[in-house]
Amino acid sequence: MSQNSDSQKLLLQTLHGKKSEETPIWLMRQAGRYLPEYRELRAKKGGFLKLCYDPESAAEVTVQPIRRFGFDGAILFSDILIVPHAMGQDLWFEAGEGPRLSPRMVETALSSLTAAPEHFEAIYATVRKVASLLDDKTTFMGFAGSPWTIATYMVHGQGSKDQAVARRYAYQDEIAFGELIKAIIANTIEYLLGQIEAGVEAVQLFDSWSGSLSPAQFEKWVIAPNAAIISGIKAVHPDFPIIGFPKGAGAKLIAYAQETGADAIGLDETVDPVWANKNLPKDLPVQGNLDPLALIAGGEALEKSVQHILQTFRERPHVFNLGHGILPDTPIEHVEKLLTLVRQ
């Protein structure tokens, strides 16, 4: 990719720490259920996981929101649980209930799993396809789940509201849990390096359940593993931009920003932009953090929220995004209005 091509990518330049008069925008889960074209394709393929592992279809889903809205970034259509699937757990989705993983690591030794690297290969094929479809202004982002969040699913075999099974396991058998975290770190580095080689230009680490940990556990199971992944990527690609998104971290965002080496920090909707702007390192790019429900509400609530975020971060590199994923019942016209507000 030419340097001139990179210079046209507003989002990529912002992640590299360059302030612009324009604010780049993309939305977490922008390729998803709020789009009729996505729902149609998913129904045709017969399920979410089949969609993820079909490179042609997954590439189409990735570019659907770019085609419709012209976001500054395209986020790979996939799932954070590809990593445990490739590590050897069975993965399926129960209708209306979410993902299931087997065997549960609270009951099974890590050594009992048989790796299935073909699952990574399917994702790399999607990346190569998307990279061939995007224009010179759209930044292509890959992603992975962070080790703590992935471990919560691997240990319990499914999601939960408080991650109590994984938290208890981490206290009761710190050695075994630590070995699981190390294995996830190694597989995630491999997975993200594979995405980079296939064509992504930035990656995001999603720690969706980091908010359930105490400060000491957060340091051990969120900061240290994310720092290890970032270090592993930087050893091969020193200038490659990495966004860290520890949802629910609150005041622990300061330590996360200082200790992980992330190039940009994603803020969830519970973080006060004024607090973040004051307490995070001065020139560190930030991403966020519109409440997804404000986007659904639209009108004055949306306009005021957008203006407050833009005004607060006007002096630092800022990527506009939601505080978490876009919700399925989000009106498309509200997304169009959001783009107008950010770009006007």
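Only a predicted model underlies this, so the values are computations on that prediction, with no experimental measurement involved.

A. Main features of the nonpolar core. Leu 290 and Leu 338 are the most contacted members of the largest nonpolar core, which totals 118 residues. With 12 residues, the single largest contributor to this core is helix H10 (residues 174-198). Apart from residues no more than four positions distant in its own chain, Leu 338 is found in contact with Ile 25, Leu 27, Leu 290, Leu 295, Leu 302, Val 306 and Phe 320.

B. Inspection of the pairing of strand E3 (residues 98-102) at higher detail. As judged from the 5 bridges shared by strand E2 (residues 90-94) and E3, these two strands associate in the antiparallel manner. Counterpart to Leu 91 in the pairing with E3 is Leu 101. Hairpin remark: E2 followed by E3, antiparallel, with 3 residues in the connecting loop; positive phi at Gly 96, about 75°.

C. Representation of the sheet that holds strand E1 (residues 73-75) in the model. Strands sit in the order E1-E4-E5-E6-E7-E8-E9 across an open sheet of 7 strands; the sheet is parallel. Strands with a single pairing partner mark the edges of an open sheet, and in this sheet they are E1 and strand E9 (318-322). In this sheet, neighbouring strand axes are inclined to one another by 25° on average, regardless of whether the strands run parallel or antiparallel. Here 3 bridges tie E1 to strand E4 (residues 139-145), and the two strands are oriented parallel to one another. Counted as the bridge partner of Ala 74 is Phe 140 from E4.

D. Structural context of the layout of surface pockets. Roughly 1200 Å³ of internal volume is contained in the largest pocket. The wall of the largest pocket is formed by 39 residues, among which Arg 29, Arg 33, Phe 48, Asp 79 and Phe 93 lie closest to the centre. Secondary-structure elements contributing two or more residues to the lining of the largest pocket are helix H3 (36-45), E2 and E3. When residues in the lining of the largest pocket are grouped by element, the largest group, 3 residues, is from E3. Tallied by class, residues from the lining of the largest pocket come to 21 nonpolar, 11 polar and 7 charged.

Rules of the game
Residues numbered from 1 in each chain as written. Predicted model: local features only at pLDDT ≥ 70, side-chain atom pairs only at ≥ 80, totals over all residues. Heavy atoms only, no water. Core = buried A, V, L, I, M, F, W, Y, C linked by side-chain atoms within 4.5 Å. Buried < 20%, exposed > 50% of the residue type's maximum accessible area, 1.4 Å probe, protein only. Helix = DSSP H or I, 4+ residues; strand = E, 2+ residues; numbered from the N terminus. Contact = heavy atoms within 4.5 Å. Pairing = 2+ DSSP bridges. Axes fitted to C-alpha atoms, helices over the stretch in contact; angles between N-to-C directions. 1 Å grid on protein atoms, 1.4 Å probe; cavity = no way out; pocket = protein on both sides within 12 Å on 5 of 7 lines; lining within 4 Å. Points joined across faces, edges and corners; volume = space filled by probe spheres on them. Nonpolar A, V, L, I, M, F, W, Y, C, P; charged D, E, K, R; others polar.

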